[in-house]
Structures are given as structure tokens and as C-alpha cells.
Amino acid sequence: MPEAVIGVIGGSGLYQMEGMSEVEEIQVETPFGAPSDVITVGKVEGVPMAFLPRHGRGHRLSPSEVPVRANIWALKSLGVQYVVSVSAVGSLREDYAPRDLVIPDQLFDRTKSRVNSFFEGGIVVHCPFADPFCPDLSTLLLQSAQELGDVTVHEGGTYVCMEGPLFSTKAESNTNRKLGFDLIGMTALPEAKLAREAELCYGMIACVTDYDCWHDTHDAVTVEMVVANLSANVANAQRILRAVAQKVAFGREDAACQCGTALASAIMTDPSRIPTDVKEKYSLLVEKYLS
Ligand SMILES: CSC[C@H]1O[C@H](OP(=O)(O)O)[C@H](O)[C@@H]1O
Ligand SMILES: Nc1ncnc2[nH]cnc12
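Conventions and cut-offs
- Residues numbered from 1 in each chain as written.
- Chains lettered and ligands numbered in written order.
- Predicted model: local features only at pLDDT ≥ 70, side-chain atom pairs only at ≥ 80, totals over all residues.
- Heavy atoms only, no water.
- Near = heavy atom within 4 Å.
- Polar contact = N/O pair within 3.5 Å; in protein donor to acceptor, adjacent residues only side chain to side chain.
- Areas by Shrake-Rupley, 256 points an atom, 1.4 Å probe, with all protein chains shown as cover.
- 1 Å grid on protein atoms, 1.4 Å probe; cavity = no way out; pocket = protein on both sides within 12 Å on 5 of 7 lines; lining within 4 Å.
- Points joined across faces, edges and corners; volume = space filled by probe spheres on them.
- Helix = DSSP H or I, 4+ residues; strand = E, 2+ residues; numbered from the N terminus.
- Nonpolar A, V, L, I, M, F, W, Y, C, P; charged D, E, K, R; others polar.
- Buried < 20%, exposed > 50% of the residue type's maximum accessible area, 1.4 Å probe, protein only.
- UniProt positions renumbered as here; feature names shortened; annotations may be inferred.
- Contact = heavy atoms within 4.5 Å.
- Phe/Tyr/Trp six-rings, centres within 6.5 Å; stacked < 30°, edge-to-face > 60°.
- Lys NZ or Arg CZ within 6 Å of the ring centre and 35° of its normal.
- Sits in = over half its atoms within 2 Å of the grid points.

Q: So, the site of ligand 1: which residues are in play, and what are the values?
A: In the region of ligand 1, the neighbouring residues are Gly-11, Ser-12, Arg-54, His-55, Pro-63, Ser-87, Ala-88, Phe-167, Gly-185, Met-186, Thr-187 and Val-226. Within the side chain of Ser-87, a nitrogen or oxygen atom sits 2.9 Å from an oxygen atom of ligand 1. Take Ala-88: an N or O atom from its main chain is 2.9 Å from an oxygen atom of ligand 1. Considered on its own, ligand 1 offers 390 Å² of accessible surface; in the complex 91% of this is hidden by protein.

Q: Let's hear about the layout of surface pockets: which residues, and what values?
A: By volume, the largest pocket amounts to about 570 Å³. Around the largest pocket, the lining comprises 31 residues; the ones closest to its centre are Ser-12, His-59, Ala-88, Phe-167 and Val-226. Put simply, the parts of the chain that give the lining of the largest pocket at least two residues each are β5 (82-91), β9 (158-162), β10 (183-185), β11 (201-210) and α5 (223-247). Partitioned by chemical class, the residues of the lining of the largest pocket number 16 nonpolar, twelve polar and three charged.

Q: Lay out unusual backbone geometry with the relevant residues and their values.
A: Excluding glycine, a negative phi dihedral is what most residues carry, and trans is how most peptide bonds are arranged. A cis amide bond links Gly-164 to the next residue, Pro-165, at an omega of 0°. Along the chain, Pro-165 falls in the loop between β9 and α3 (170-178). Backbone torsion omega between Leu-189 and Pro-190 reads 5°, so that peptide bond is classified as cis. Of note, Pro-190 is situated in helix α4 (residues 188-197). One non-glycine residue with positive phi stands out, namely Glu-45, at about 50°. Positionally, Glu-45 belongs in the loop between β3 (39-44) and β4 (47-53). Glu-45 gets classed as partly exposed once you look at its relative accessible area, which sits at 45%. At Asp-212, a position not held by glycine, the phi torsion is positive, near 50°. Looking at where Asp-212 falls in the secondary structure, it is placed in the loop between β11 and α5. For Asp-212, a relative accessible area of 3% corresponds to the buried category.

Q: Residue-level account of the UniProt feature "site: Important for substrate specificity" (unreviewed entry) in the protein chain, with values.
A: UniProt records the feature "site: Important for substrate specificity" (unreviewed entry) for Ser-168 and Val-223 in the present numbering. Spatial clustering of the annotated residues is evident: they stretch over 56 residues in sequence, but the largest pairwise C-alpha distance comes to 13.2 Å. Annotated residues from the preceding list that form part of the lining of the largest pocket: these are Val-223. Among the structural elements, Ser-168 can be located in the loop between β9 and α3. Classification of Ser-168 by relative accessible area gives buried; the value is 11%. Excluding residues that lie within four positions of it along the chain, Ser-168 makes contacts with Met-162, Ser-173, Ile-184, Asp-212 and Cys-213. Turning to its location among the elements, Val-223 is positioned in helix α5.

Q: Which residues make up the packing of aromatic side chains, and what are the values?
A: Overall, the coordinates contain nine aromatic pairs when judged by the stated rule. Plain terms: the ring middles of Phe-32 and Phe-118 are 5.5 Å apart, the flat faces sit at 50° to each other, and that makes the pair tilted. Here Phe-32 is found in the loop between β2 (21-26) and β3, whereas its partner Phe-118 is found in the loop between β7 (106-110) and α2 (135-148), with 86 residues between them in sequence. Between Trp-73 and Phe-118 the ring centres are 5.7 Å apart and the planes differ by 65°, which places this aromatic pair in the edge-to-face class. Placement of the pair is Trp-73 in helix α1 (residues 68-77) and Phe-118 in the loop between β7 and α2, with a sequence separation of 45 residues. Residue classification places Phe-118 among the buried residues on the basis of a relative accessible area of 0%. Sitting above the plane of the Trp-214 ring, Arg-177 keeps its charged end 3.6 Å from the centroid.

Q: Pulling in residues and values, what's your account of the site of ligand 2?
A: All residues adjacent to ligand 2 are Ala-88, Val-89, Gly-90, Met-162, Phe-167, Ile-184, Gly-185, Met-186, Thr-209, Asp-210, Asp-212 and Val-221. Contact between ligand 2 and Ala-88: a nitrogen atom at 3.3 Å from a main-chain N or O atom of the residue. Between ligand 2 and Asp-212, the relevant distance is 2.8 Å, taken from a nitrogen atom to a side-chain nitrogen or oxygen of the residue. Taking a 2 Å distance to the grid points as the criterion, the majority of the atoms of ligand 2 fall inside the largest pocket. It is β5 that contributes the most residues to the shell around ligand 2, three residues altogether. In terms of residue class, the shell around ligand 2 is made up of seven nonpolar, three polar and two charged.

Here it is, written out as C-alpha cells:
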């Protein structure tokens, strides 16, 4: 199997990575089934990258249907260390305007029916998650966006993840604003949690597509509005990805973040009590701690 240092999960409007060379399409199987689609592995600016469209090509999977465990496992199995999510988001504050980009730094979970962990069936793991986004990767994303010089990018913000697929009511949107949330979307969770369990650095380029439905002088969000604003943003997201790929090309051996050791003191179960078949199933994630 080809290897890649950086994995990109393309959200709404981003179904392929432009400018990739030496491209191979790989159908990866995982203990959690198949990912959203084939994974495209190739080189971007000479750096090996894996690209996966979160909703599948043609946007076939709703946010609740995305096979998140398979997606993260598949990227890990390709050697990925850095995962960048590109996501369409609604803005809950005036100064984060449609077509701006945001590198968020916090998440709030309002999902209702999603599996949040890889670990089950005889192995219990509690990972730290106070800072859900990798600070190092987020800094690289921010710097790369700023270096473009012609995009508006905001540093930080709390993304509240709703279940969807319907957009929020006005009561929900206004409440989310009062609670201090900055952005709303439907897909960052459990993706960020699973990336942490897989010891991957996870960061997001959030593309603001609308003001949800709270803003008196803007129409409530529609898919048409999202798509129109996204097409303007996706090209910029790809420019940032090209720059970031070059900055992470050599992997994270000297990284300051803790992402690569997130499981080091998180496995609660007495190793002697973990059944052999469970150890085997999870070897991609836990072998270095259990052998
Ligand atoms: C098409 S608007 C709603 C849709 O867009 C976002 O998806 P993604 O994060 O994959 O870009 C949002 O979370 C919803 O799934
Ligand atoms: N307003 C919104 N609510 C939830 N997800 C979104 N994705 C893009 N805009 C959104």
C-alpha cells in the first residue's frame, strides 16, 4: 500500500484534490467497514497526500451516515500523521462572514446518535480531549492561510457540531449564539475524537458559507447558498493544503504536540485481561503500548 504523511478529508464541495500527481485510487478495508469512498493517494508539491471525500463522490452520505471510524482507520493505515478537515460551516457571529476562512480551536458536541470511540468489546480507553484540534497543525494552517495574502482568515472559534441533517431553527441558532459558539456544522464530531484516539494531529479549515438563520438581514441558510459560497472558498482551501503539505513533509518526529502519544496513559483495561482477538483487532492503534 502507498504511504502518505498528510490526509485530507474533503467536506461539502471538495470531492477531489487538484494538482495531485502520481495518483492511485485505493479501496481500503478496515475492521469498521469501508470508508466513504476510495482514497486517492498521490503527491502534492512532491509530498505524499491521501485524499478522502467525507460524503463520498457525488455527496451520497448524510452527516450521520459518514463511516467515520472507517475513514480515520483507513487514513491511519496509510501512515498518515496529519489530518486536515475542510468543512463548510455556518457563522454565529457577525465578524466571521460568508467566504471567510476560520481555523477553529474548540468543539462542542451536540450530536445525538453517533459512535464516539473505536474501542469496545473488552478494551476501555479514555483519551485527553481538552484541546480537540492539534495546536501545531492549526498554527501551520493559520500561517499558510495568512501567507496567501488575499484571503480573510480568522484565528480560533468554537464549532458546535449538530446532528442534522436539517439546519437549525431560529431558537436553536439564537441559543447557540448566546452560549458563545462561533461556528456550526454537522461533521467535526466524532471525527476529531477518533483522530485523537488514532493519535493523529487533526486540524480544520472551516469555510464560512452562511449566517445560519439568526441574522435578520440575511436569508436563512439553504444548500444553494452554501454551494455558491463554497465554490469561492474551495480553491483557497486547496492553496492552503498545498502550502501545509510542504510544511509537514518530514513528519512529526520533533513535534511539540501530544497528539502522537494520546493513548500513552489512556488505556484503562489491564492488558492481561484484553482478549487476544481484541488486541489483534486494535493492533494498528495500540500495539506499541501492549507488546
Ligand atoms: C451542504 S451544507 C451542510 C453540510 O455541509 C457541512 O459538511 P462538511 O463539514 O462535510 O463540509 C455540514 O457539516 C453539513 O454536513
Ligand atoms: N448553517 C449551517 N448549519 C449546519 N451546518 C452547516 N454547514 C454549512 N452551513 C451550516
